[in-house]
Amino acid sequence: MNVLFDFDTVSRKPKIVSEYLDQIREFFSIEDKALVFLRKRLGRNMPVRKYAITNKGYFDLPFFDSICQNLKIKFPSVRINISQELSKRIINTSIVGDVVDLNFVPRDYQRESVLKALQQGSGVIVLPTSAGKTLVIAIIASTVLKHTSDNILILVPDIQLVQQTYQDFLDYGINENIISKWTGSYELTDTKIVIANNQILLSEKQDKHALERFNTLIVDECHKFATAEKISKLIKNVKCNRIFGFTGSLPECSFDVWSINRIFGPVIYQKKSLELRQDKYISKVRVVSLELTYKHIPTFTKPSMSEPTAGYEEEITWLHTNEYRNSVISKLVNRLETNTLILVDRIVHGEHLLQYLKSNTNKQIYFIQGSVELEERENMRKLMEETSGVVCIAISKIFSTGISIKNLHNIVFAAIGKARIKIIQSIGRSLRLHHTKETATIFDIADVCLIYGQKHFDERARLYLSETIPIISTKLTEQ
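Remember, predicted model here, so these are calculated numbers, not experimental data.

**Overview of the overall build of the chain**
Then, in step 1: Tallying secondary structure elements over the chain gives 18 helices and 19 strands in all.
Then, in step 2: Its C-alpha atoms give the chain a radius of gyration of 24 Å, within 12% of the compact-globule value 23 Å for 479 residues.
Then, in step 3: By principal-axis analysis of the C-alpha atoms, the chain measures approximately 75 × 60 × 45 Å.
Then, in step 4: Burial statistics for the chain: of 479 residues in total, 53% are counted as buried.
Then, in step 5: When contacts within the chain are restricted to residue pairs at least 6 apart in sequence, those whose partners lie at least 24 apart make up 74%.
Then, in step 6: In the form shown here, the chain has an accessible surface area of approximately 23,300 Å², with 49% of it arising from carbon and sulfur atoms.

**Considering unusual backbone geometry**
Then, in step 1: Of note, the phi angle at Ser130 is positive, near 80°, even though the residue is not glycine.
Then, in step 2: Mapped onto the fold, Ser130 is located in the loop between strand E6 (122-126) and helix H6 (133-147).
Then, in step 3: Residue class for Ser130 comes out buried when judged on its relative accessible area of 8%.
Then, in step 4: With phi around 60°, Lys280 is a residue other than glycine that occupies positive phi space.
Then, in step 5: By secondary structure assignment, the location of Lys280 is in the loop between helix H11 (273-278) and strand E13 (284-293).

**Looking at the sheet that holds strand E1 (residues 2-8)**
Then, in step 1: Reading across the sheet, the three strands line up as E2-E1-E5 and stay open at both edges, with mixed pairing between neighbours. Of all strands in the sheet, those bounded by a partner on one side alone are strand E2 (13-17) and strand E5 (79-82). The sheet shows a mean angle of 25° between the axes of neighbouring strands, direction not considered.
Then, in step 2: The pairing of E1 with E5 spans four bridges and is parallel. Bridging from a neighbouring strand, Phe5 pairs with Ile82 of E5.

**Details of the pairing of E6**
Then, in step 1: Counting buried positions along E6 yields four of five residues, so the element is predominantly enclosed.
Then, in step 2: Pairing of E6 with strand E12 (residues 267-270), which is carried by three bridges, proceeds in the parallel orientation. By the bridge assignment for E12, Val124 is matched with Val267.

**A look at the nonpolar core**
Then, in step 1: Core analysis: the largest hydrophobic core is formed by 93 residues, its most contacted members being Ile140, Phe169, Ile193 and Ile342.
Then, in step 2: Ranked by the residues each element gives to this core, the list is headed by H6, at nine residues.
Then, in step 3: Residue contacts for Ile140: discarding those within four places in its chain leaves Val114, Ala117, Leu118, Ile125, Ile218, Phe244 and Phe246.
Then, in step 4: Counting 26 residues, the second largest nonpolar core, distinct from the first, contains Val126, Val194, Leu217 and Ile243.

**A word on the side chain of Thr183**
Then, in step 1: Position of Thr183 relative to the elements: it lies in the loop between strand E8 (179-182) and strand E9 (193-197).
Then, in step 2: Thr183 sits in the buried class, given a relative accessible area of 5%.
Then, in step 3: Within the structure, the side chain of Thr183 is placed 3.1 Å from the backbone nitrogen of Ser185, a separation counted as a polar contact.
Then, in step 4: When neighbours within four sequence positions are excluded, Thr183 is seen to be in contact with Ile159, Val162, Asn197 and Ile200.

**Things to note about the sheet that holds strand E19 (residues 471-477)**
Then, in step 1: Read from one edge of the open sheet, seven strands run E15-E16-E14-E17-E18-E13-E19, paired in parallel fashion. The sheet is open, and its two borders are formed by strand E15 (364-368) and E19, each paired with just one other strand. Each strand of the sheet is rotated relative to its neighbour by a mean of 20°, with strand direction disregarded.
Then, in step 2: Inspection of the sheet shows strand E17 (residues 410-413) paired to strand E18 (residues 439-446) by four bridges, in the parallel sense. Its bridge partner being in E18, Val412 is matched across the sheet by Phe443.
Then, in step 3: Along the sheet, helix H13 (residues 323-335) contacts E13, strand E14 (340-344), strand E16 (390-395), E17, E18 and E19; its crossing angle with E13, the most-contacted strand, is approximately 145°.

The rules behind the values
Residues numbered from 1 in each chain as written. Predicted model: local features only at pLDDT ≥ 70, side-chain atom pairs only at ≥ 80, totals over all residues. Heavy atoms only, no water. Helix = DSSP H or I, 4+ residues; strand = E, 2+ residues; numbered from the N terminus. Rg over C-alpha atoms; globule rule 2.2 N^0.38 Å. Buried < 20%, exposed > 50% of the residue type's maximum accessible area, 1.4 Å probe, protein only. Contact = heavy atoms within 4.5 Å. Areas by Shrake-Rupley, 256 points an atom, 1.4 Å probe, with all protein chains shown as cover. Pairing = 2+ DSSP bridges. Axes fitted to C-alpha atoms, helices over the stretch in contact; angles between N-to-C directions. Core = buried A, V, L, I, M, F, W, Y, C linked by side-chain atoms within 4.5 Å. Polar contact = N/O pair within 3.5 Å; in protein donor to acceptor, adjacent residues only side chain to side chain.

Have a look at this one:
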């Protein structure tokens, strides 16, 4: 098999020229379940696959290395040729030179990931939650500044993480005169390092041409870009010498991984959570599944072709206000002497649980949701670091990423669904080392007698096993 990688000077895009293009495109495609369902529902003969490469062979330049790597695995006899036009555009952006020392000495794997990033010049780095990604990012940024004249933009998911990352950089020893924050409350300045939240780039008030001054881009939680079309398109148009994506876990869906590769390039370094637990860089962890069976279950609407998720809303609404379920959570919370984080997906559930626990426990109970000011969230984090016996209910999308609490021993999955990355990152909230903690415990409230409750727990259980996390099962039945 001969494959030519060329560059189309008219469309300004790289492209594949090969008689095997159709085979290659099929290899980099997946069946779109939504389109399959739509075709069945409408009874039309329509395409049901999504392709990472266009029908004319065009692809995004950062995707080049990933295509080559996968082709060599899939087709061992493939002969890859690169045109001169494309070669001119594949620029070596590696940095050779001493790595900058900061106030914190990096662990072995942190230093390895830094060296790999500097050597490759771009790519995705996968470090589990609690592995210390922020320190790695700080060392990369400092080293890039030492050896180049680049301006660096660091993107994090939300405003709270802008402040946390900024403070971490100062603690690491980075000069405050070369670093600034860019959010709705802070204007963009001309410092060498700018830390911003993703949303600021999408604001209609922002001049997108301001991004042109940045030569290096570092994105934390880059897996979010797999399905975030607006910001992904914006980032693709930023012409950077170096671009790095950091994540704690890659998506399961191949197409989502390719979507990340098309922006940041291939995965250049990866460390698994199990390795860090074995090397005692992070805490041990176990799952205690509380598998609940209820006495009086109402009849929910059954799913059908026209309404595949019929009954789902009915089921979760019933669960959120179920007296027995909430009593199990309250009794659990009363027995735990260390700090506990209870994750929920919906505000109405969190509010109901807050009132129930306040009436049935003797603990300090707090609820963190989107409307809670950043200062109050930070006060909550400090309280949990400094004391024990605190219970914090939180919306999972707020606390599943970025929030660092070392003195956190227990997490209760009161309603967290089956989303792989969210679950892994939620577990990671409890894995930071603390002198009072040897093993973190995840309490999984599993509604095994219900349709969606059982399905979602089965998915979570498979995930725990794949992450080599031991599960202790406890079956509880309403009397």
